[in-house]
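Okay, here's what each chain looks like letter by letter:
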Amino acid sequence: MNDLANSPSSQDLTDWDRDHHLHPWGSVDGWRNDEYMRVNTADGIYVWDDQGQKYIDGPGGMWCVQIGYGRQEMADAIAKQAMEMPYASPWAFTTSPAAVLAKKIADMTPGDLNTVHFTTGGSTAVDTALRAVQFLNNRLGRPKKKIIIAREKGYHGSTYLASTVTGKERFKTKFDNADIVRFLPDVNPYHRPKGMSVEAWCDAKVADLENLIAEVGPDRIGAFIAEPILCSGGVIVPPKGYHKRTLDICRKHDILYISDEVVTGFGRLGHWFASEEVYDIVPDMITCAKGLTSGYLPLGACIISDALMERMQDVDGDDVFYNGYTYSGHPVSCAAALKNIEIMEREDILGHVRRVTPHFQERLHQIGEKFDIVGDVRGEGLLGCIECRPDLERETYDAHLQFGQKLDDACEKMGLLLRPFGNMAVFSPPLVISMEEIDTMFDIMEEGLRQISDEYNA
């Protein structure tokens, strides 16, 4: 084996990754047999593998590469901060990047959400929000008001509390979860009963929340956590008016509302945050990460309203919020976020998203009209999902995974990376994608569907 000080061969890298690197969601009985694509370089919306093959990054990394790859000024800003002040303990110090970014985020958020608690990513941002719920109710002498309402097919992260409120079927794992969550049924309009209007479906989904509150008791429910769009669940867009109506119900029962904008924040729908601009709600807390740095460095934040902070303060007793991380407000990550925001403002990337969104959504929905194998097409902004209905003898998760892998393989050969979720393919490309690149991306998707349609619908 080559010494690490020398340049390893391609086979060395493959072997070392396979033998020693347990990737997220790795199968413990077979992970050493997996061989991941090794990506070496990237620029704009494209990545290149170790063989020099070029691909459009359809998922935008992991819903996060807003400004695109290869930004020299991002690298320069990161390097400059790393030389000036690479780290400072958030327990004892602050830094200029952290202070400036906190003010910048407070100016972007709706209403009175002005307090920023920096975290390491989306999962820890959600954990922070849920711990704030516990902290508040303990301070107010309401120790039983701790249950969190979440939604089936929602995804909120991998840390303990965040995974507990994640409602995806495959997350019923061998891990133990806290008994603090109650899930609302699926809100996906695609799954409404035949003959039911979308408006009636919305009424039913709002009634689900009202009924659950009545069943559990508002005195036991601390918060409702909801993604504006259930992204990892398959880009599920709840019916129009759902968000505002559920927020009003939470206000009526003194239930905090947490808007998980880890994906929808920082431009994905053409605004810094989607809560108010798109869905007309001002939550008690917003969580964000991903697009905050465009994936160049890890960083997350939980943003808390002034009203909630005042409720926490106006009580006697131990007032220390015992929550924080070694890398909270990390100066290099904050510098990256500030440069990311500067680029987005200077290049009017939010305006660009709003301008190209109609074409993106038109091309996305045209696919549903061209292929019988497509059951539903949905999306908003630069988010989209194509949900297929392959004519399988057994509609199982494993069968859907096999279908998704075949579609992924077909598109990959033509230069498009997908993120298949079983029978669904989701899109969240870098926000800098052009009209022409949108066409190329969906042209490849159409050809991929054409290649495998005959096999499944013979």
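Residues numbered from 1 in each chain as written. Predicted model: local features only at pLDDT ≥ 70, side-chain atom pairs only at ≥ 80, totals over all residues. Heavy atoms only, no water.

So, the overall build of the chain
Then, number 1: Along its length, the chain carries 14 helices and 15 strands.
Then, number 2: With respect to the principal axes defined by its C-alpha atoms, the chain has extents near 65 × 65 × 45 Å.
Then, number 3: Burial status across the chain gives 54% buried among its 458 residues.
Then, number 4: In the chain, once contacts between residues fewer than 6 apart in sequence are set aside, the share between residues at least 24 apart is 72%.
Then, number 5: Counting only carbon and sulfur atoms, one obtains 51% of the accessible surface of the chain, whose full area is about 20,900 Å². (Helix = DSSP H or I, 4+ residues; strand = E, 2+ residues; numbered from the N terminus. Buried < 20%, exposed > 50% of the residue type's maximum accessible area, 1.4 Å probe, protein only. Contact = heavy atoms within 4.5 Å. Areas by Shrake-Rupley, 256 points an atom, 1.4 Å probe, with all protein chains shown as cover.)

Some thoughts on the sheet that holds strand β11 (residues 374–380)
Then, number 1: Spatial ordering of the open sheet is given by β11-β12-β15-β14, a layout of four strands whose pairing is antiparallel. Edge positions in the sheet fall to β11 and β14 (419–421), since each has one partner strand and no second. On average, each strand axis in the sheet is inclined to that of its neighbour by 20°, with strand direction left out of account.
Then, number 2: As paired strands, β11 and strand β12 (residues 383–388) are joined by six bridges and run antiparallel to one another. (Pairing = 2+ DSSP bridges. Axes fitted to C-alpha atoms, helices over the stretch in contact; angles between N-to-C directions.)

Brief notes about the nonpolar core
A general trend in soluble globular proteins is that nonpolar side chains are found buried together.
Then, number 1: F427 and M445 are the most contacted members of the largest nonpolar core, which has 60 residues in total.
Then, number 2: If one sorts the elements of this core by residue count, helix α14 (residues 435–456) sits on top with eight residues.
Then, number 3: Filtering out sequence-adjacent residues up to four positions away, M445 remains in contact with I367, I386, L407, C411, L416, L418, A425 and F427. (Core = buried A, V, L, I, M, F, W, Y, C linked by side-chain atoms within 4.5 Å.)

Some points on the side chain of D127
Then, number 1: On the secondary structure map, D127 appears in helix α5 (residues 122–139).
Then, number 2: One buried charged side chain, D127, makes no salt bridge at all; its nearest oppositely charged neighbour is R131, positioned 6.7 Å away.
Then, number 3: Of the polar contacts made by the side chain of D127, one reaches the backbone nitrogen of A162; its length is 2.8 Å.
Then, number 4: In this view, D127 contacts T159, Y160, L161, A162 and Y325; residues no more than four positions away in its chain are not counted. (Lys, Arg positive; Asp, Glu negative; His and termini not counted. Salt bridge = Lys/Arg side-chain N within 4 Å of Asp/Glu carboxyl O. Polar contact = N/O pair within 3.5 Å; in protein donor to acceptor, adjacent residues only side chain to side chain.)

Examining the pattern of salt bridges
Pairing of side chains with opposite charge becomes possible as their charged atoms draw close.
Then, number 1: On inspection of all chains with the given rule, the structure shows 27 salt bridges.
Then, number 2: Of the charged contacts, one joins E347 and R71 as a salt bridge, the two residues approaching to 2.7 Å between their closest N and O atoms. Taken together, the residues E347 in the loop between α11 (331–346) and α12 (349–370) and R71 in the loop between α2 (60–63) and α3 (72–84) connect sequence positions 276 residues apart.
Then, number 3: Given a relative accessible area of 16%, R71 falls into the buried group.

A word on the side chain of R38
Then, number 1: Mapped onto the elements, R38 comes out in the loop between α1 (10–20) and β1 (39–43).
Then, number 2: Apart from residues lying up to four places away in sequence, R38 is in contact with S10, L13, T14, W48, D49 and D50.

Some points on the sheet that holds β1
Then, number 1: Spatial ordering of the open sheet is given by β1-β2-β3-β13, a layout of four strands whose pairing is mixed. In this open sheet, the two edge strands, each paired with only one partner strand, are β1 and β13 (416–417).
Then, number 2: Relative to β13, strand β3 (residues 54–57) is paired through two bridges, and the arrangement is parallel. Pairing of D57 across the sheet is with L417, part of β13.

A closer look at the pairing of β1
Then, number 1: Direction of pairing for β1 relative to strand β2 (residues 46–49): antiparallel, over a ladder of four bridges. Paired with D43 across the two strands is Y46, which belongs to β2.

Some details on unusual backbone geometry
Then, number 1: For S294, which is not a glycine, the phi torsion comes out positive at approximately 55°.
Then, number 2: Inspection of the secondary structure puts S294 in the loop between β9 (285–288) and β10 (300–305).

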